[in-house]
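# Coordinate analysis (summary)
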Amino acid sequence: MPMRIDLSEKNPALVSLFENPGQTIFLDANFLIPPDRTRLGAKPISFRKYCEIWLDPVFDSFSDLAVHESVYGELVAEHVKSYADAKCQELPPKLTVYS
């Protein structure tokens, strides 16, 4: 069954992001973790490549990204946690952890 996408109306949340990219944007852990679609026959993507094509451009485009501490706790893969920690330690921080 083909996916149908309704383009008749703009998504107000997406419009808000483009109009005000400096607002605080809370991320879910799944945003930071590369998808694993190998069971569907897709080749795995390395974290390095995931950063290059997805995470780095997002962190370069939006200045106030955040996660809740419970989301931060879900970052169990060492390379994902190290990436998040590095973003938290940049000056100014590119990622903030909220409690």
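Keep in mind it's a predicted model, so treat the numbers as computed, not measured. (Residues numbered from 1 in each chain as written. Predicted model: local features only at pLDDT ≥ 70, side-chain atom pairs only at ≥ 80, totals over all residues. Heavy atoms only, no water.)

### Observations concerning the sheet that holds strand β3 (residues 95-98)
For clarity, the threshold we go by: For two strands to be treated as a pair, DSSP must find at least two bridges joining them. Helix and strand definitions here come from DSSP, where helices need a minimum of 4 consecutive H or I residues and strands a minimum of 2 consecutive E residues; each element is numbered from the N-terminal end.
Overall, parallel pairing links the three strands, which are arranged β1-β2-β3 in an open sheet. The open sheet terminates on both sides in strands that have one partner only, identified here as β1 (25-26) and β3. Across four bridges, strand β2 (residues 65-68) lies against β3 in parallel orientation. Bridging from a neighbouring strand, leucine 65 pairs with leucine 95 of β3.

### Focus: the nonpolar core
Definition in use: What we call a nonpolar core is a set of buried Ala, Val, Leu, Ile, Met, Phe, Trp, Tyr and Cys residues that are connected through their side-chain atoms within 4.5 Å. The rule is simple: take the accessible area with a 1.4 Å probe, protein chains only, and divide by the maximum for that residue type; under 20% is buried, over 50% is exposed, in between is partly exposed. Residues are treated as being in contact if the distance between any of their heavy atoms lies within 4.5 Å.
Ranked by internal contacts, the top residues of the largest apolar core, which has 19 residues, are Leu27, Leu32, Phe47, Leu55, Phe59 and Leu65. Listed by contribution, the elements that provide at least two residues to this core are α2 (29-32), α3 (47-61), β2 and α5 (78-89). Leucine 65 has contacts with Ile25, Leu27, Val58, Phe59, Lys94, Leu95 and Thr96, leaving out every residue within four places of it along the chain.

### Digging into the packing of aromatic side chains
Definition in use: Whether two aromatic rings pair depends on their centres lying within 6.5 Å, for rings of Phe, Tyr and Trp, where Trp uses its six-membered ring; planes under 30 degrees apart make the pair stacked, over 60 edge-to-face, and the rest tilted.
On inspection of all chains with the given rule, the structure shows five aromatic pairs. Seen from their ring centres, phenylalanine 26 and tyrosine 98 are 5.2 Å apart, and the 50° between their planes marks the pair as tilted. Taken together, the positions of phenylalanine 26 in strand β1 and tyrosine 98 in strand β3 put the pair 72 residues apart, joining distant regions of the chain. What links up through ring pairs into an aromatic cluster is the set Phe47, Tyr50, Phe59 and Tyr83.

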